[in-house]
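Read off the chains here:
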Amino acid sequence: MTHDPSFEYALRLGDDALVLGQRLGEWCGHAPTIEVDLSLANLGLDLIGQAMHFLGVAGDIEGKGRDADKLAFFRDELDFTNCLLVEQPNGDFAQTMTRQWLYSTYQALFFDALKASSDARFAEVADKASKEVRYHAELSADWVVRLGDGTPESHQRMLGALDWHWRFVPELFAMDAVDEAMVSAGVGVDKAALRPAFDARVNAVLDKATLPRQDDQRPLRGGRKGHHSEHLGHLLATMQHIPRSHPDARW
Amino acid sequence: MSKDWPLWEVFIRAKGGLDHKHAGSVHAPDGEMALRHARDTYTRRMEGVSLWVVKSSDIVSSDPDAAGQMFEPAKDKIYRHPTFYDLPDEVKHM
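Conventions adopted
- Residues numbered from 1 in each chain as written.
- Chains lettered and ligands numbered in written order.
- Predicted model: local features only at pLDDT ≥ 70, side-chain atom pairs only at ≥ 80, totals over all residues.
- Helix = DSSP H or I, 4+ residues; strand = E, 2+ residues; numbered from the N terminus.
- Buried ≥ 20, exposed ≤ 12 C-beta atoms within 10 Å, placed from the backbone.
- Contact = placed C-beta atoms within 7 Å.
- Expected span 1.5 Å × (residues − 1).
- Core = buried A, V, L, I, M, F, W, Y, C linked by C-beta atoms within 7 Å.
- Nonpolar A, V, L, I, M, F, W, Y, C, P; charged D, E, K, R; others polar.
- Pairing = 2+ DSSP bridges.
- Axes fitted to C-alpha atoms, helices over the stretch in contact; angles between N-to-C directions.
- Parallel < 35°, antiparallel > 145°, perpendicular 65-115°, else oblique.
- Left-handed = near helix turned anticlockwise from the far one by under 90°.
- Arc of directions from axis to C-beta.

1. Some points on the overall build of chain B
- Helix and strand counts for chain B come out as 2 helices and 3 strands.
- In sequence order, chain B lays out its α and β elements as β-β-α-β-α.
- A burial count over chain B gives 16% of its 94 residues as buried.
- Of the contacts formed within chain B by residues at least 6 apart in sequence, a portion of 46% connects residues at least 24 apart.

Given below as structure tokens:
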């Protein structure tokens, strides 16, 4: 592991996008309708595209010949730096949409700020990705409102989904040495400063969805250090199985 | 779920200045969701710059069984085609 904080920074962005993209891919062929199936796959593919970019950047910074594929398929769970939220299981549709909405709302704010990065490798993709992510945030917020303000059953499921995911929200905004170094260098984003805007956006949607505003309780973190929930290992086993069993396989 | 959602016809404008053309249909509970589904289903490969969705049930269509009286009388009226005129070269797309 190199000590250049920008390697770690790119890796985190790549891992978040990769893991959430893989999760969305799990819906393929299982979504409630063909239209929703495509819609989830589209979100997933946008995220995989972001992952390819950021993992590619991480590989370049590291300079040891690891490309995006190598980083995606040949690292173990402890080396993954994604936040805990994105690795949470799909659960029911409410749980998937709530995870998406919380992450996309955060990600939209993050990429808007990252556009001002002094490092073009981050600023340029932030510009492109922020358009994708704004759509993700709108689409998932729309579902949150429909489900929250839907039937007693969908409302109940939304309450369960919020209860499941909210404990992973504080980690999104937590700053550590890597974040501080990147902010000082003019490259990274002050994530802690994004929290009020996040709360404002999220609360507006919760109000519309007739769902209760959430308080931070028993927050869980550790993803950035490789301390993951038990769910990530299963996801990686599925995702990495083919390239590891057949390392030289080509499409 | 899908069977409970009404059908919407999707029209796409490929680029500014062109007509919206029928692309297909999607199921959705309302217009807003129909637009999202149309976007995700039909514009994934840069097919358009504008979308319309129309509830399929709002479209009034001609009766296929009445096609004879509707359309065949035009068959032998070739003088309605502008093929008897010489068009100047500057006139395109005719």
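2. A short note on helix 1 (residues 31-42) of chain B
- In this model, helix 1 of chain B (12 residues) spans 16 Å end to end at C-alpha, consistent with the 16 Å of a helix rising 1.5 Å per residue.
- The set of residues buried in helix 1 of chain B consists of B:Met33, B:Ala34, B:Arg36, B:His37, B:Ala38, B:Arg39 and B:Asp40.
- Buried-residue contacts for helix 1 of chain B involve helix 2 (34-62) and helix 6 (120-148) of chain A together with strand 1 (7-13), strand 2 (20-27) and strand 3 (50-55) of chain B.

3. Observations regarding the nonpolar core
- With 64 residues, the main nonpolar core has A:Phe54, A:Leu55, A:Leu85, A:Val144 and A:Met158 as its most contacted residues.
- If sequence neighbours within four positions are ignored, A:Leu55 has contacts with A:Gly14, A:Leu18, A:Ala68, A:Leu71 and A:Ala72.
- Among the nonpolar cores identified, the runner-up in size contains 9 residues, and B:Val10, B:Ala34, B:Ala38 and B:Val53 belong to it.

4. Comments concerning the interface of chain B and chain A
- Between chain B and chain A, the contact holds 10 residues from the first and 7 residues from the second.
- Taken together, the elements giving at least two residues each to the side of chain B that touches chain A come down to strand 2 and helix 1 of chain B.
- Ranked by the residues each element gives to the side of chain B that touches chain A, the list is headed by helix 1 of chain B, at 4 residues.
- Of the residues contributing to the side of chain B that touches chain A, the split by class is 3 nonpolar, 4 polar and 3 charged.

5. Thoughts on the pairing of strand 1 of chain B
Residues and elements named next belong to chain B.
- Side chains Trp8, Val10 and Ile12 of strand 1 all project onto a buried face; the interleaved residues Leu7, Glu9, Phe11 and Arg13 project onto a face where none is buried.
- Where strand 1 and strand 2 come together, 7 bridges link them in antiparallel fashion. Bridging across to strand 2, Trp8 finds its partner in Val26.
- Following strand 1, the chain reverses through 6 residues before pairing antiparallel with strand 2; Gly17 in that reversal takes a positive phi of roughly 95°.
- By the bridge criterion, 6 bridges tie strand 1 to strand 3 in an arrangement that is antiparallel. Of the residues in strand 3, the one forming a bridge with Trp8 is Lys55.

6. Here's the deal with the sheet that holds strand 2 of chain B
All names here are of chain B.
- The 3 strands lie next to each other as 2-1-3, forming an open sheet whose pairing is antiparallel. For this open sheet the edge positions go to strand 2 and strand 3, each flanked by a neighbour on one side alone. Averaged over all adjacent pairs, the angle separating strand axes in this sheet is 30°, with direction ignored.
- Sitting on the sheet, helix 1 touches strand 1, strand 2 and strand 3, and the angle it makes with strand 3 is about 125°.

7. What about the packing of helix 5 (residues 93-114) of chain A against helix 7 (residues 152-165) of chain A?
All names here are of chain A.
- Put simply, helix 5 and helix 7 touch, their axes get as near as 8 Å, and they point 50° apart. As far as their axial angle goes, helix 7 and helix 5 are oblique. Here helix 5 and helix 7 pass one another in a crossing that is right-handed. Touching Ala94, Gln95, Thr98, Arg99 and Leu102 of helix 5 are Ser154, Arg157, Met158, Gly160, Ala161, Leu162, Trp164 and His165, all from helix 7.
- Split into classes, the residues belonging to the contact of helix 5 with helix 7 amount to 6 nonpolar, 5 polar and 2 charged.

8. What about the environment of A:Glu230?
- Here A:Glu230 shows up in helix 11 (residues 230-245).
- In sequence terms A:Glu230 and A:Gln88 are 142 residues apart; their C-alpha atoms lie 9.2 Å from each other.

9. Describing helix 7 of chain A
All names here are of chain A.
- Spanning 14 residues, helix 7 covers 20 Å between terminal C-alpha atoms, matching the ideal 20 Å at 1.5 Å per step.
- For helix 7, every residue scored as buried is listed here: Arg157, Met158, Ala161, Leu162 and His165. Taken end-on, helix 7 shows its buried residues confined to a sector of 140°, consistent with a single buried face. The outward face of helix 7, more than 90 degrees from its buried face, is lined by the exposed residues Pro152, Glu153 and Gln156.
- Those residues of helix 7 that are buried lie in contact with helix 4 (84-87), helix 5 and helix 6.

10. Looking at the packing of helix 2 of chain A against helix 6 of chain A
All names here are of chain A.
- One can describe the packing of helix 2 onto helix 6 by two numbers: an axis separation of 11 Å at closest approach and a directional angle of 160°. One element, helix 2, and the other, helix 6, form an angle in the roughly antiparallel class. The two elements helix 2 and helix 6 cross, and the hand of that crossing is left-handed. In contact with Ser39, Leu43, Asp46, Gln50, His53 and Val57 of helix 2, helix 6 contributes Arg121, Val125, Ala129, Glu132, His136 and Leu139.

11. A few points about unusual backbone geometry
- At A:Arg218, a position not held by glycine, the phi torsion is positive, near 30°.
- Mapping A:Arg218 onto the fold places it in the loop between helix 10 (195-208) and helix 11.
- Its identity as a non-glycine residue notwithstanding, B:Met46 has a phi of 65°, on the positive side.
- Position of B:Met46 relative to the elements: it lies in the loop between helix 1 and strand 3.
- A count of 8 C-beta atoms within 10 Å places B:Met46 in the exposed class.

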